[in-house]
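Given next are the chains, with one letter for each unit.
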Protein chains: 2
Amino acid sequence: MRSYNELSKEELLQEKESLQAAYKKYQEMDLSLNMARGKPAPAQLDLAKEMLTAVNPEEMVDAISGIDTRNYGGLDGIPGAKELIASMVDADPNQVIVFGNSSLNIMFDQVTRGMITGYCGNTPWCKLPEVKWICPVPGYDRHFGVTEHYGIKMINVPMTPDGPDMDMVEELVKDPAVKGMWNVPKYSNPQGYVYSDETVRRIAALKPAADDFRVFWDNAYCVHHIYDEEEKQGHLLEIFTEAKKHGNEDMIFEFVSTSKVSYAGGGIAGMVASDKNLEDVKKTLTVQTIGHDKVNQLRHVNYFKTEGVAHHMSRHAAILRPKFELVEKRFTEELAGLGVGSWTKPLGGYFVTYTTVPGCASRTIKLCKEAGVTMTGAGAPFPYHKDPEDSTIRVAPSYPDLEELGQALDVFTVCVKLATVEKLLEV
Amino acid sequence: MRSYNELSKEELLQEKESLQAAYKKYQEMDLSLNMARGKPAPAQLDLAKEMLTAVNPEEMVDAISGIDTRNYGGLDGIPGAKELIASMVDADPNQVIVFGNSSLNIMFDQVTRGMITGYCGNTPWCKLPEVKWICPVPGYDRHFGVTEHYGIKMINVPMTPDGPDMDMVEELVKDPAVKGMWNVPKYSNPQGYVYSDETVRRIAALKPAADDFRVFWDNAYCVHHIYDEEEKQGHLLEIFTEAKKHGNEDMIFEFVSTSKVSYAGGGIAGMVASDKNLEDVKKTLTVQTIGHDKVNQLRHVNYFKTEGVAHHMSRHAAILRPKFELVEKRFTEELAGLGVGSWTKPLGGYFVTYTTVPGCASRTIKLCKEAGVTMTGAGAPFPYHKDPEDSTIRVAPSYPDLEELGQALDVFTVCVKLATVEKLLEV
C-alpha cells in the first residue's frame, strides 16, 4: 500500500472504513491486554527461583565483614552486595551504598534531601525561589513524577539516538537554579537509546553554575541486553571514570537495581557516588534507618555468585528477544511505508517508542483502550504529562506472552492507522 | 552495708579504695562487653530460621489479592502482611500500609513529609518560623535524632511509670507550633514503662491547636513480653479505638515492625493510620516507590501463619527473661539500699533504666568504657544528648549471653558505686 499522504480523500475514506471494520472485530473480542508498564513476565520471574532458598540458615553471618545479616547494623550494605551492584555498572564497590528494593525510592530520597537538607552544605532547595531540572524527553514518567511532586520546574530537552541534546544541556546548566538532570543512559526509557561516548564525555565535563547540580544517572538497564552477541549490545562509557578527568565526580549520582534482574518486587538497589557525596548521604541515612534488609542482600550475593549476572540476564534475554522481534516484525509488516509514524529498534531495556504523526498519540491510545488494550497513558513520558506534539507512545512488550502480545500489536497497528486516517481527513 | 549517704568521709575513702581495687581487677581482664544497643542475641535470631525457606517458589502469587509478590505493584502491601501487622497491635488491617524493613525509616519519612509536603494540605513545616515537638524523657535516642536532624525544637516532658506527664502535654499542645509527640507507649525505651489507661485516654482526647499535630505512636514492643503469664504482661489500650471517641483518629500515626520478632535486619514494618491520613501518605508514597519488598512480606505471612506471633514471642521471652532477671538480681544484691540510684523492672521490651545519683551517669559510663564495657552514651536518651541531671543510664541486656552479661553487670555495679563515692567525696 502507498503512504497515506499520497491517498486521495476518497481512498482515505475507503481505508478508514476497512480499518473501522477491523477495529470493530477486535472490540467484539472483549480483549484485556496490557502493554503499559515495563513489568517482567512471570516466566522471567521464574528464572530466579533458586534465589529464594539461596541463604543457608546456618550461614547468615557475612563472611567478609562478620556482619550478622539478620541483626541491626551495616548501614551501607554488606561487602558482597556492594560488589554485586558495582559489577553491574563497572563501578568501584567502595563507592556503593546498598539500599532496599527500590532505586526509585533512593532517587526520591536524594531529591528530598536536596529539597530539605541540601547537598554538602548547600542551601536546601525549599529555601530557594525556584529550582529547575533538565528532563530529556521523552523520558521515564516516574522520574518526572518525583520532580513534579516537589514543584521543581522541569525543562524539556530533546532526546536523540545519541542521548540528550548536549548543546542545550550545556547552555541550561549555566543557570544556577538548574539543580539536576534525569538520565536513563543505557537502553533509555522509553526509546532504548544508548548515550554515545561523546554524550557521556560532554555530560562528564559539564561546568554547572550550581555547586549542588547533580546528574541523576539511572542505570536501570545496565545489563539488560536483548542479544547475547557483544556486537549487538549497547556500550556505555563508565560515567565516574569520565567525570574524574574533569574533577567532576561529585556531580554524579548513579543508581542501579536488580529489580529486572532478580525480582521487581524483592530485589536490592544501590547508589554509586563520590566519597564526598557518600559521606553527605550517610549523614542523613544514619538518622533515617539502622540499615536496609541485609538478609535479602545476602540472598542476592549467594545466588549470583553461582549463577552469574551475565548468564542470568542472557536467560531473561531469551524470553524478551522474541517479544521485541515480534514488535519489530509487526510494525514493519503493518506500518512501514504508510507515513503513519516511526519506531525505535532497541538492543536492550524494556521499551520501544512509537512516534505517530503529530496529534495522533492520544487518539491511538484511546482507540486501543476501547478495544481492550491498555497502553502507557498519552503524555506520560513527558513532564506534566504534556507531549507537545502528541506523538509519543511508549510500547512495553515484556509482560504479555507472545500470543497476547501478537493480539495487542494487531489492535495497536490498526488503531495507529485509524487515528492517522482520521487526522488526515480532518484537514 | 549502710547507705553511702550515712558513711563518714573516712569510710567513703575506704570504700573508694576497695572499689578501685575491684575496678582495677576488671580493667586487667581486658574485657570487651556491650550493653549499648537493643539488639536481639544470635540465639533469638536463630528462632526464625524456618522463615528463610517459608516461601514456596511455585506459590509466589498472593492467594487473597492475586498479586505476584515478585513483580511490581501492591503499593500498600499484600493483604496477609497487613493482617499480620494489624494483629500485633489490635488494629484494623484496612488501616495498615506495609513498608520495608525499618519502622524508623517510616517515621523519618513521615516527619520529612510534614517538613516538605505538609500533612493533608497543611503548610509544610519548613515554611514555618519554628516547629516544636513533645519528647517524653528519657526516650528513644533515634526518635530524637530524627527531629534534631530537621532542626525541630524538642521539648522535654518527664516520663512517669504511667507515661508522660499529661498535664504538661495538654498545656503544650495549645501552642500551634507544636506539631508532634514521640511515644513508645508499651515497654517504653528506655524504662520499660507501659502507658496507663488514663494516659492513653488523655492522649486520645488531646485538643491540639495545630490541625497537623500528630501523635507518633511507636508501638515497637507491642508483643515483646518477658513473661508468658498474662498477669505479668503490660496492657495498653488500643489508641485508635480511644481516639475515635473524640473524633481524633486523624491525629494518630502508629508504627509497628517485626524487627525484634523475625529479624532486626530483614523484617517488615507498617504504619496504621486513619483513612484520611492513609490517602495523604499514599499521595507521596506512589511517587516514592512502586512498592516495597512483597516477597519478604509473603515470607512473614507464611511463617507466622504456622508459627503464630504469640508463640514465637514466647520463645524470644524464654531467652530474654533470664537476662532481665539477672539484671534485677545483681542490682538488688549489689546496689539496693546503698543510695547509689534506682532502676526499673520492666515486664517487656529491651531495656532497663538505671537512674544514678545526679551527676554520676556520664562518669559511670566512662568508667565502664575504660574497663571494656560499652554502655549507651551518656545523655543519649535525651534530646540534644543533654541529660539535665546526668543521671540516666540505658541498660540493654539482650545481646550478650548470660555469662557475658554477668561480667558486664559486675563491672557496671562497681562503676556505679565508684562514681557515687567520688561524687560524695567532692562535696
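The model shown is predicted, which means the values in this text are computed figures rather than measured ones.

**Structural notes on the overall build of chain A**
Here is step 1: A count of helical and extended segments in chain A gives 13 helices and 13 strands.
Here is step 2: Based on the C-alpha atoms only, the size of chain A along its principal axes is roughly 75 × 50 × 35 Å.
Here is step 3: Expressed as a percentage of the 427 residues in chain A, the buried residues total 62%.
Here is step 4: Across chain A, the fraction of contacts at a sequence separation of at least 24, relative to all contacts at a separation of at least 6, is 76%.
Here is step 5: For chain A, the exposed area adds up to about 15900 Å²; of that, 49% sits on carbon and sulfur atoms.
Here is step 6: Distance from the positive charge centre (45 side chains) to the negative charge centre (60 side chains) of chain A: 3 Å.

**A look at the sheet that holds strand S13 (residues 392–395) of chain A**
Residue and element names in this part refer to chain A.
Here is step 1: One open sheet accounts for three strands, arranged S10-S11-S13; its pairing is antiparallel. Pairing within the sheet leaves two strands with one partner each, and these edge strands are strand S10 (342–343) and S13.
Here is step 2: Here strand S11 (residues 352–355) pairs with S13 via four bridges, running antiparallel. Across the sheet, residue Tyr354 finds its bridge partner in S13, namely Ile393.

**Quick notes on the relation of the copies chain A and chain B**
Here is step 1: Relative to chain B, chain A is turned by 180° and slid 0.0 Å along the rotation axis, the superposed coordinates differing by an RMSD of 0.0 Å. The superposition operator between the copies reduces to a two-fold rotation axis. Identified as the residue of chain A closest to the rotation axis by C-alpha distance is Thr53 of chain A, at 3.0 Å.

**What about the sheet that holds strand S4 (residues 153–160) of chain B?**
Residue and element names in this part refer to chain B.
Here is step 1: Spatially, eight strands are ordered S2-S9-S8-S7-S6-S3-S4-S5 in an open sheet, and the strand pairing comes out mixed. Both outer strands of the open sheet, strand S2 (96–98) and strand S5 (163–164), are each paired with one neighbouring strand and no more.
Here is step 2: Of the strand pairs in this sheet, strand S3 (residues 132–137) and S4 are connected by six bridges, and their pairing is parallel. Bridge pairing in S4 places Pro136 opposite Val157.
Here is step 3: On the sheet, helix H3 (residues 79–88) packs against S2, strand S8 (252–257) and strand S9 (269–272) and is oriented at approximately 120° with respect to S2.
Here is step 4: The sheet strands contacting helix H9 (residues 275–288) are S2, strand S7 (214–218), S8 and S9, and the helix crosses S2 at an angle near 25°.

**So, the confidence of the model for chain A**
Here is step 1: Confidence in the prediction of chain A, expressed as mean pLDDT, is 97, and 100% of residues score 70 or more.
Here is step 2: What the predictor reports for the complex is a pTM of 0.97 with an ipTM of 0.96.

**A few points about the interface of chain A and chain B**
Here is step 1: Between chain A and chain B, the contact holds 57 residues from the first and 57 residues from the second.
Here is step 2: The contact between chain A and chain B buries some 4600 Å² in all, and 56% of this surface belongs to carbon and sulfur atoms.
Here is step 3: Looking only at chain A, the three residues that lose the most surface to chain B are Leu52, Arg70 and Tyr72 of chain A, adding up to 16% of its buried area.
Here is step 4: In this assembly, chain A and chain B are joined by four salt bridges.
Here is step 5: The partner of Arg70 of chain A in a salt bridge is Asp46 of chain B, with the nearest N and O atoms 2.8 Å apart.
Here is step 6: Taken together, the links from chain A to chain B amount to 24 residue pairs in polar contact (both at pLDDT 80 or more).
Here is step 7: Counting only elements with at least two residues in the side of chain A that touches chain B, the list comes to helix H2 (42–45), helix H4 (103–116), helix H5 (141–149), helix H9 (275–288) and helix H10 (294–307) of chain A.
Here is step 8: Here the residues of the side of chain A that touches chain B are counted per class, giving 22 nonpolar, 21 polar and 14 charged.

Reading the values: rules and limits
- Once a new chain begins, its residue numbering starts again from 1 and follows that chain's sequence as written.
- Chains carry letters and ligands carry numbers; both start at the beginning, A for chains and 1 for ligands, and go up in the order they are written.
- In keeping with the predicted nature of the model, local features appear solely for residues at pLDDT of at least 70, side-chain atom pairs appear and are counted solely at 80 or more, and the whole-chain, interface and lining totals rest on all residues.
- Note that the side-chain values use all heavy atoms of the structure and ignore hydrogens as well as water.
- Note on conventions: DSSP H or I runs of at least 4 residues are helices, E runs of at least 2 residues are strands, and numbering of each starts at the N terminus.
- Burial here depends on accessible area, computed with a 1.4 Å probe over protein chains only, as a share of the maximum for the residue type. Under 20% is buried, over 50% is exposed, and the range in between is partly exposed.
- Contact definition: two residues touch when any of their heavy atoms are within 4.5 Å.
- Only the protein chains shown count as cover for residues, and all accessible areas are computed by the Shrake-Rupley method using a 1.4 Å probe.
- Charge convention: Lys and Arg are scored as positive, Asp and Glu as negative, and His as well as the terminal groups of each chain are ignored.
- Charge positions come from single atoms, namely NZ of Lys, CZ of Arg, CG of Asp or CD of Glu.
- Pairing between strands is defined by DSSP: at least two bridges between them are needed.
- We superpose the copies by least squares over the C-alpha atoms of residues that have a pLDDT of at least 70 in both of them.
- Interaxial angles span 0 to 180 degrees and are taken between N-to-C directions of axes, which are lines fitted to C-alpha atoms, for helices over the stretch in contact.
- Each residue carries a pLDDT score, the predictor's own confidence in it, on a scale running from 0 to 100.
- What counts as buried area is the accessible surface, traced by a 1.4 Å probe, that two parts surrender upon association, with contributions from both included.
- Note on definitions: salt bridges are taken to be side-chain nitrogens of Lys or Arg within 4 Å of carboxyl oxygens of Asp or Glu.
- Pairs of N or O atoms are called polar contacts if they sit within 3.5 Å, as long as, within protein, a hydrogen donor faces a hydrogen acceptor (for residues adjacent in sequence, only side-chain-to-side-chain pairs).
- Nonpolar residues are Ala, Val, Leu, Ile, Met, Phe, Trp, Tyr, Cys and Pro. Charged residues are Asp, Glu, Lys and Arg, and all others, Gly as well, are polar.

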